[in-house]
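Residues per chain are reported as follows:
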Amino acid sequence: MKIKSTLFILTLLAFSTLAQQSTEQWRPAIHFTPKKNWTNDPNGLIYINGNYHLFFQHNPKGNEWGNMSWGHAKSKDLLHWEELPVAIPHGKEYIFSGCVVYDKDHVSGLGDPKKPLLIAIYTADYPNTLQEQHLAFSNDEGLTWTKYDQNPVLSINLKDFRDPNIIYHEASKQFVMTVVKPWEYTAQFYGSTDLIHWKLLSEFGPQGDVDMIWECPSLLELPVENSKETKWVLALSSQGPYKKTVGMQYFVGNFDGKTFTNDAPKEQVNYVDYGRDFYAAIPFYNTVNKEAFWLGWMLSWSYGKEQPTFPWKGQMSLARTLSLKHTSQGLKLKQVLKPDLTKQKPSYEAKNLVLKGSKTLSGIKFLQSKTYVIELKVDATNAKQWGIELGDEAKENPELTRIGFDEKSQDWFIDRRLSGVVPAPGFDMIQSAPFIPGEDKVMQLVVDRSTVELLAQDGVVAISSLRFPKKKESVRLVSIGGELRIKELRIWEVK
């Protein structure tokens, strides 16, 4: 009986392995993915000694959410990532989202004072009981961590109280932690001079979008373009532009070392990204010249479990440099790719094109690698819609991802209704972002296999989306219902 039971179990395991075929055709080339298993929020983003470090929510034991620990990867250019061993494994507590700070002056008194010291502060989640903020420290650039023996460093005896993010506020000579009470739609600010003892400074909220819980806050000071001015931005993960689906919002205002003040009416909502697949972005700490940039988790809780990839599930967006830009609708967050993938000479370039209908970009072999950047500048049009189609050219049962602009609704869009595998209900939809009047109709599109990131109008419009194509693709320029005059088309191969 024992032998039969063993054979039965082995047979089940074999069938399970066969059922989950590797999907390397969908693994992005320049977006971080773990070699295997589940990942979600980026954590502890920091630059130190020539390396960008990415810690991330990770299940080291499986391809679904669970056993939450901190994974770890590093990169010298934000494109090529080396995955490292699990950084902070879970114990009785799950290791939820948080941040990493470079304690350059060893104010915490922890670790070896002769070596560079990193401090991680993260949410320790005791399932269905309590969330507290815990501390761990590292003297080897995040490879190994020691959990502080007097944790927690912050607790208010609340079941949901999470996602600490820390800056050093120069004017008030203190570290400032932003942490959220999700169901109260409240961000709290705490101050400390030693990273261990924290004092409540103030609270912000509820304002903006309060239809879903608040998570993963960050407070950052950003330059305002074409001025010497800076403004403070409070970013939060919550509901996005589509009801009951996650996204990110931001508030622009002032922070005096104690209180954040929103410049806009409290009902006003500013969304970071109008795609379904951009969440939990936080900025890097200790950057060169205090440059502000972040990356986010490129997936949605609506269908994260159903993402049809194996042996990994979940990926990060590309990094984006952040600033604020004056527009006809006030100050808007501007996001620009870091590094700039368009700095080099284009692999393909054409100017002053006139298009009616569609034109396949044939003879450009590198487009088949499915990792490239397209920039399109439009001069004028009387078309109803225009843009780019990725997909086959079949008249029956076509497979298409459509990216472009709708002249009637004045919206940028990514239409993935026919884009390939539909892993869950609601995935097959049009994602759209409103045009900001007064700006040029310019779109920059990054295609990296299963990921698509659209940055339009000089980066003040963003739409991030996944798709899972089944067929070989061609790339087409499309003008529907009229003529399109293209000022410039440039394409860069990303090797």
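So, a few notes on the structure that sits alongside this text.

The rules behind these values
- Residues numbered from 1 in each chain as written.
- Predicted model: local features only at pLDDT ≥ 70, side-chain atom pairs only at ≥ 80, totals over all residues.
- Heavy atoms only, no water.
- Helix = DSSP H or I, 4+ residues; strand = E, 2+ residues; numbered from the N terminus.
- Rg over C-alpha atoms; globule rule 2.2 N^0.38 Å.
- Buried < 20%, exposed > 50% of the residue type's maximum accessible area, 1.4 Å probe, protein only.
- Contact = heavy atoms within 4.5 Å.
- Core = buried A, V, L, I, M, F, W, Y, C linked by side-chain atoms within 4.5 Å.
- Pairing = 2+ DSSP bridges.
- Axes fitted to C-alpha atoms, helices over the stretch in contact; angles between N-to-C directions.
- Phe/Tyr/Trp six-rings, centres within 6.5 Å; stacked < 30°, edge-to-face > 60°.
- Lys NZ or Arg CZ within 6 Å of the ring centre and 35° of its normal.
- Salt bridge = Lys/Arg side-chain N within 4 Å of Asp/Glu carboxyl O.

**Digging into the overall build of the protein chain**
Here is step 1: A tally of regular secondary structure across the protein chain gives one helix and 32 strands.
Here is step 2: Against the 2.2 N^0.38 benchmark of 23 Å for 495 residues, the protein chain shows a C-alpha radius of gyration of 23 Å, consistent with a compact globule.
Here is step 3: Dimensions of the protein chain, computed from the C-alpha atoms along their principal axes, are close to 75 × 70 × 40 Å.
Here is step 4: Burial analysis of the protein chain (495 residues in total) assigns 60% to the buried set.
Here is step 5: Partitioning the contacts of the protein chain with sequence separation of at least 6, the portion at a separation of at least 24 is 60%.

**Some points on the nonpolar core**
Here is step 1: Core analysis: the largest hydrophobic core is formed by 38 residues, its most contacted members being Trp-412 and Met-443.
Here is step 2: Listing elements by their share of this core, those giving two or more residues are β24 (371-381), β25 (385-391), β26 (400-406), β27 (411-418), β29 (442-448), β30 (451-456), β31 (461-466) and β32 (474-493).
Here is step 3: Ranked by the residues each element gives to this core, the list is headed by β32, at six residues.
Here is step 4: Phe-55, Ile-88, Trp-145 and Trp-198 belong to the second-largest nonpolar core, a separate cluster that totals 34 residues.

**So, the pairing of strand β3 (residues 69-75)**
Side-chain positions along a regular strand alternate between the two faces of the sheet.
Here is step 1: Counted residue by residue, β3 has six buried out of seven residues, so it is predominantly covered.
Here is step 2: Sheet topology places strand β2 (residues 51-58) next to β3; seven bridges connect them, and they run antiparallel. Note on β3: the bridge partner recorded for His-53 is Lys-74.
Here is step 3: For β3 and strand β4 (residues 82-88), the ladder comprises four bridges, and the chain directions are antiparallel. Counterpart to Lys-74 in the pairing with β4 is Glu-82.
Here is step 4: Between β3 and the antiparallel strand that follows it, β4, lie six residues; Leu-78 among them carries a positive phi value of about 70 degrees.

**Quick word on the sheet that holds strand β11 (residues 174-181)**
Here is step 1: With respect to topology, four strands assemble into an open sheet ordered β10-β11-β12-β13, the strand pairing being antiparallel. Across the chains shown, the open sheet's two edge strands, defined by having one partner strand only, are β10 (162-169) and β13 (199-204). When strand polarity is set aside, the average angle formed by the axes of neighbouring strands in this sheet is 25 degrees.

**Remarks on the environment of Ala-292**
Here is step 1: Within the element layout of this structure, Ala-292 appears in the loop between β18 (279-283) and β19 (293-297).
Here is step 2: Here the alpha-carbon distance between Ala-292 and Glu-221, two residues 71 residues apart in the chain, equals 8.1 Å.
Here is step 3: Setting aside its immediate chain neighbours within four residues, Ala-292 contacts Leu-220, Leu-222, Arg-320, Thr-321 and Leu-322.

**Describing the packing of aromatic side chains**
Here is step 1: Applying the stated criterion to the full structure yields 31 aromatic pairs.
Here is step 2: Ring plane angle 50 degrees and centroid distance 6.1 Å describe the contact between Trp-214 and Phe-251, whose orientation is recorded as tilted. Here Trp-214 is found in the loop between β13 and β14 (215-223), whereas its partner Phe-251 is found in strand β16 (residues 246-255), with 37 residues between them in sequence. As far as the burial class goes, Trp-214 and Phe-251 line up, both buried.
Here is step 3: Residues Phe-405 and Trp-412 carry aromatic rings whose centres are separated by 4.8 Å and whose planes lie at 65 degrees to one another, so their mutual orientation is edge-to-face.
Here is step 4: You can call Phe-405 buried: its relative accessible area is 0%.
Here is step 5: Among the aromatic residues, those joined into a cluster by ring pairs are Trp-26, Tyr-303, Phe-427 and Phe-468.
Here is step 6: Between Lys-338 and the ring centre of Phe-293, over which it is positioned, the NZ or CZ distance is 4.9 Å.
Here is step 7: One residue, Lys-441, lies across the ring of Phe-435, its end atom 5.7 Å from the ring centre.

**Describing the environment of Lys-266**
Here is step 1: With respect to the helices and strands, Lys-266 occurs in the loop between β17 (260-262) and β18.
Here is step 2: When neighbours within four sequence positions are excluded, Lys-266 is seen to be in contact with Gln-207 and Gly-208.

**As for the pattern of salt bridges**
Here is step 1: Overall, the coordinates contain 26 salt bridges when judged by the stated rule.
Here is step 2: Note that Asp-263 and Lys-231 form a salt bridge whose closest N and O atoms lie 2.6 Å from each other. Note that Asp-263 is positioned in the loop between β17 and β18 and Lys-231 in strand β15 (residues 230-239), a separation of 32 residues in sequence.
Here is step 3: A relative accessible area of 44% means that Asp-263 is categorised as partly exposed.
Here is step 4: On the accessibility criterion, Lys-231 (9% relative accessible area) is buried.
Here is step 5: What you see here is one network of salt bridges that share partners, running through Glu-225, Lys-325, Lys-334, Glu-439 and Asp-458.

**Concerning the pairing of β25**
Here is step 1: Of all seven residues in β25, seven are buried; the element is thus mostly enclosed.
Here is step 2: Bridging between β25 and β26 involves seven bridges; their strand directions are antiparallel. Looking across to β26, one finds that Gly-387 is bridged to Gly-404.
Here is step 3: Relative to β32, β25 is paired through seven bridges, and the arrangement is antiparallel. Within β32, the position partnered with Gly-391 by the bridge is Ser-474.

None of this, on its own, says anything about what the molecule does.
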